[in-house]
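Residues per chain are reported as follows:
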Amino acid sequence: MKHPKRFALLLILTAFSLEAQDPAPTPVPSGFEALPTLNAGEILQPQYLSGANFTVDNDVPTYSGSNHYTINSDYGIFLAGSNAMLMRRVAEINGIASLKALQQTDQFAQAAAQAATVPIQVAQDLVTQPVETISSIPRGVWGFLNQAGEAVKEAAQGVQSGESQGNVIQNASGFSAVKRGIAFRLGVDPYCQNAIFQQELNKVAWPVFLGKFAVSAGFAAISGGVGTALSAANITNTLQESLRDKSPTDLRLMNEKMLIQDMGISQGAADAFLNNTAISPMTQTVIVTALAHLGNIPGQGEFIKRAAASEGELQALGFQESVQMMANLNATTPVATISQLEGLTVCQTNDGRILVPVQWDYLAWTPDAANFINALKAQKFPSPSTGFTIMINGTASPLATQSLADLKVNLVTLALPGPLQ
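Structure report, in brief. No experiment lies behind these values; they were computed from the predicted model shown.

### A short note on the overall build of the protein chain
When helices and strands are tallied, the protein chain shows 21 helices and 14 strands. When burial is assessed residue by residue, the protein chain has 53% of its 421 residues classed as buried. In the protein chain, the share of contacts with a sequence separation of at least 24, taken over all contacts with a separation of at least 6, comes to 69%.

Now the structure itself:
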């Protein structure tokens with residue numbers, strides 16, 4: 001790599017750094033533009049701007065390459081640090097509303113009353129299973145667990161919270177499978193970290209799990225917005241079925257096989273990725289499946305190592321969107337290699353074109369963006385470059401679009417389904 005230290009510095013300065021930090025205000029040189037505050041009403045599709053139970057604030061700051069949204073809902077204020085996160089939060093809010101509406105039906109009230117008389121035998125079954133986490137079990141279950149004996153109480157002590165991992169108890173009992181089915185019906189990641197959604201999901205899943213309530217009939221009795229996060233995330237029907245029907249353990253085994261046996265990635269790198277609880281089992285599976293679509297090509301192992309360092313949902317979704325863009329491109333223009341230039345994913349296609357697939361919600365033409373393009377074009381790649389393309393999930397300003405064209409850099413916007421108009 002030519003001038004790696006210079007490139008590292010430029011990447012730190014670029015507007016689309018994955019680290020969320022507000023840029024210090026500085027004078028804007030001639031020929032460039034400041035990072036704007038966008039208007040939600042002007043950029044969002046109507047279903048993401050407002051709904052029966054939420055509204056998005058008009059002001060949408062843009063920094064670190066992401067649009068930052070504030071969502072006011074009947075269930076509290078939610079923040080979304082990117083377009084992808086906005087889709088997830090809206091789906092979760094709509095899901096909460098649907099679950100609460102379902103609980104108001106006569107059918108559910110009767111089922112919940114019947115379910116309350118059942119769980120003593122279930123408590124005895126739970127005692128025989130190792131406890132990894134019990135945070136996803138409904139609060140009502142704690143009542144009978146505490147009455148079922150000291151063994152259950154001791155088993156539950158010291159357990160760390162982690163409903164997103166689908167614990168052994170729930171997998172063995174089938175409760176986790178019920179939750180997954182309901183969440184997918186609502187278009188929500190069943191392993192999401194939204195505590196309010198998980199709480200309402202538990203309330204509905206418990207009577208269903210006990211056979212006292214038919215969820216299909218229940219949802220037929222209510223109306224309201226349903227989340228679209230899964231379809232918008234570009235997940236195929238076949239993959240959705242795997243995510244719905246397979247336990248987290250089964251998903252891990254499937255992903256591990258693809259990483260190690262199919263792609264030749266080391267056990268250590270695979271474990272680091274699959275053991276990272278900041279990346280939900282669903283996000284892990286989408287990343288691995290998309291990466292596998294590229295075939296066994298150089299650079300996949302380093303991509304997984306970088307993704308394994310994700311510190312939260314926002315970073316993990318950035319890697320997911322990056323590899324999904326590559327997988328979509330690969331369908332028509334095969335990807336030959338993947339490189340990591342100081343943490344930024346860059347791929348080269350068989351025809352020699354250099355492509356940067358990046359979660360970039362709004363591309364403004366700033367000095368840092370211009371410096372990055374110049375540094376990118378100065379790099380040495382495995383094969384001579386035949387051209388450069390920046391592929392982003394979002395949109396770009398007119399000045400950025402024209403400036404890239406002047407530099408002979410192709411720009412692809414809205415490369416994945418999203419909330420923007």
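Moving on from the coordinates now.
### As for the pairing of strand β9 (residues 344-349)
Among the 6 residues in β9, 6 count as buried, and that is most of the element. Side chains of β9 alternate between two faces, with Leu344, Val346 and Gln348 and Thr345, Cys347 and Thr349 buried alike. Inspection of the sheet shows strand β8 (residues 335-341) paired to β9 by 6 bridges, in the antiparallel sense. Bridge pairing links valine 335 to threonine 349 in β9. When β9 meets strand β10 (residues 354-358), the two strands line up antiparallel, connected through 2 bridges. If you follow cysteine 347 over to β10, its bridge partner there is leucine 355. In this antiparallel pair of consecutive strands, β9 and β10, the connection spans 4 residues, and glycine 352 shows a positive phi of 95°.

### As for the packing of aromatic side chains
For any two aromatic rings, the description comes down to two numbers: the centre-to-centre distance and the angle of the planes. Taken as a whole, this structure holds 6 aromatic pairs when the rule is applied. Seen from their ring centres, phenylalanine 175 and tryptophan 206 are 5.6 Å apart, and the 80° between their planes marks the pair as edge-to-face. Here phenylalanine 175 is found in helix α10 (residues 175-185), whereas its partner tryptophan 206 is found in helix α11 (residues 195-209), with 31 residues between them in sequence. One exposure class covers both phenylalanine 175 and tryptophan 206, and it is buried. Judged by centre distance (5.5 Å) and plane angle (40°), the ring pair of tryptophan 206 and phenylalanine 209 falls under tilted. One end of the pair, tryptophan 206, and the other, phenylalanine 209, are both in helix α11, 3 residues apart, so they sit about a helical turn from each other. Tryptophan 206 gets classed as buried once you look at its relative accessible area, which sits at 12%. Cluster of aromatic residues (ring-pair linked, three or more members): Phe175, Trp206 and Phe209.

### Brief notes about the environment of leucine 291
Within the fold, leucine 291 resides in helix α17 (residues 281-292). Overall, leucine 291 belongs to the buried group, its relative accessible area being 0%. It is 8.1 Å that separates the C-alpha atoms of leucine 291 and methionine 326, two residues lying 35 residues apart in sequence. Other than its neighbours up to four places away in sequence, leucine 291 contacts Met263, Ile265, Gln300, Phe303, Ile304, Val323 and Ile338.

### Details of the sheet that holds β9
A sheet is described by the order of its strands in space; here 5 strands give the open sequence β8-β9-β10-β12-β14, paired in mixed fashion. Both outer strands of the open sheet, β8 and β14 (409-412), are each paired with one neighbouring strand and no more. This sheet shows a mean twist of 25° between the axes of neighbouring strands, independent of strand direction. Packing against the sheet, helix α19 (residues 313-330) makes contact with β8, β9, β10 and β12 (388-392), and its axis sits at approximately 135° to β10. Those strands touched by helix α20 (residues 367-377) are β8, β9, β10, β12 and β14, and its axis lies near 135° from that of β12.

### Structural notes on unusual backbone geometry
Positive phi, close to 55°, is recorded for serine 64, a residue that is not glycine. Here serine 64 shows up in the loop between β4 (59-63) and β5 (66-67). The backbone of lysine 408 shows a phi angle near 65°, a positive value even though the residue is not glycine. With respect to the helices and strands, the residue lysine 408 is situated in the loop between α21 (398-406) and β14.

### Some words on the pairing of strand β6 (residues 69-73)
Within a regular strand, the side chains alternate between the two sheet faces. Alternating positions in β6 separate cleanly, Tyr69, Ile71 and Ser73 being buried on one face and Thr70 and Asn72 remaining unburied on the opposite face. One ladder, built from 3 bridges, connects strand β3 (residues 54-56) with β6; its direction is antiparallel. Considered in β6, the bridge of phenylalanine 54 is made with serine 73. In this structure, β6 lies alongside strand β7 (residues 76-80), joined through 5 bridges in antiparallel fashion. Among the inter-strand pairings, isoleucine 71 is bridged to a residue of β7, identified as phenylalanine 78.

Reading the values: the criteria
Residues numbered from 1 in each chain as written. Predicted model: local features only at pLDDT ≥ 70, side-chain atom pairs only at ≥ 80, totals over all residues. Heavy atoms only, no water. Helix = DSSP H or I, 4+ residues; strand = E, 2+ residues; numbered from the N terminus. Buried < 20%, exposed > 50% of the residue type's maximum accessible area, 1.4 Å probe, protein only. Contact = heavy atoms within 4.5 Å. Pairing = 2+ DSSP bridges. Phe/Tyr/Trp six-rings, centres within 6.5 Å; stacked < 30°, edge-to-face > 60°. Axes fitted to C-alpha atoms, helices over the stretch in contact; angles between N-to-C directions.

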